[in-house]
Amino acid sequence: MPLRAIWLATVVSMLLGLLDLASPIEANAIFAIPVMVLDLSYMIPIYLFQFTPGPFYMGPGVIGWVVNIVCISWALFISVIFSLPTTLPDTWENMNYVSVITIGVIILSG
């Protein structure tokens, strides 16, 4: 058993959990960004159709197009949901900063 790896994963998870004690709003933003970016990264090969077909490839027909549209719609929907505030009314103290951070990273990355 990889005991050191298990303890390392446990300690890192505990340290990330401490962020929630500092500020739950910022912790939610930090944990929502990877989910949003991962979903958006799935859209790139789906949209461009530039991938090597695997065993479950549905072809360029109607079923393939419908599944691609559903996948892209779902990724956009999840990105919007994770960018919304978690509590209402939205104030400066409880604003979800995921959209601000994402736009800032896009601008800085050029």
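Right above here is the structure, for reference.
Note that residues are indexed from 1 along each chain, following the sequence as it is written. Only residues with pLDDT of at least 70 get local features here, since the model is predicted, and only at 80 or more are side-chain atom pairs given and counted; chain-wide, interface and lining totals rely on the full set of residues. Water and hydrogen atoms play no part in the side-chain values, which are based on all heavy atoms of the structure.

*Asks:* Is there a simple way to explain the side chain of Asp39 in this structure?
*Replies:* Under the scheme used here, helices are H or I runs from DSSP no shorter than 4 residues and strands are E runs no shorter than 2 residues, and both carry numbers assigned from the N terminus. Take Asp39: it is sitting in helix 2 (residues 24–48). Only protein chains enter the accessibility calculation, which uses a 1.4 Å probe. A residue is then buried if its area is under 20% of the maximum for its type, exposed if over 50%, and partly exposed in between. When charges are counted, Lys and Arg are positive and Asp and Glu negative, with His and the chain ends excluded. Basic side-chain nitrogens of Lys or Arg form a salt bridge, by our definition, when they fall within 4 Å of a carboxyl oxygen of Asp or Glu. No salt bridge forms around the buried Asp39; measuring N to O, its nearest opposite-charge neighbour Arg4 is 34 Å away. When sequence neighbours within four positions are dropped, the list of residues in contact with Asp39 reads Ala75 and Ile78. Contact definition: two residues touch when any of their heavy atoms are within 4.5 Å.

*Asks:* Please explain a nonpolar patch on the surface as it appears in this structure.
*Replies:* Patches in this entry comprise residues that are over 30% relatively accessible and not in a salt bridge; like charges within 9 Å are linked, as are nonpolar side chains (Val, Leu, Ile, Met, Phe, Trp, Tyr) within 5 Å. All accessible areas in this document rest on Shrake-Rupley with a 1.4 Å probe, and a residue is counted as covered only by the protein chains that are shown. Together, Leu3, Ile6, Trp7, Val11, Leu15, Leu18 and Leu21 line one region of the surface with nonpolar side chains, adding up to about 740 Å² of accessible area. Here Leu3 is to be found in helix 1 (residues 3–22).

*Asks:* Can you help me understand the packing of helix 2 against helix 4 (residues 98–109) in this one?
*Replies:* Packed helix pairs are characterised by how far apart their axes lie and by the angle those axes make with each other. Lines are fitted to the C-alpha atoms to define the axes, a helix being fitted only along its stretch in contact, and any angle between axes, read from their N-to-C directions, falls within 0 to 180 degrees. Packing of helix 2 against helix 4 leaves a shortest axis separation of 9 Å and a crossing angle of 55°. In terms of axis orientation, helix 2 runs oblique to helix 4. For the pair helix 2 and helix 4, the sense of crossing is right-handed. Contacts between helix 2 and helix 4 involve Ala29, Ala32, Ile33 and Met36 on the former and, on the latter, Val98, Ile101 and Thr102. All amino acids are sorted into three groups, where Ala, Val, Leu, Ile, Met, Phe, Trp, Tyr, Cys and Pro are nonpolar, Asp, Glu, Lys and Arg are charged, and the leftover types, Gly among them, are polar. Looking at the contact of helix 2 with helix 4, its residues break down into six nonpolar, one polar and no charged. Between 65 and 115 degrees an angle is taken as roughly perpendicular, under 35 as roughly parallel, over 145 as roughly antiparallel, and anywhere else as oblique. Handedness of a helix crossing follows the sense of rotation of the near helix relative to the far helix, less than a right angle counterclockwise being left-handed and clockwise being right-handed.

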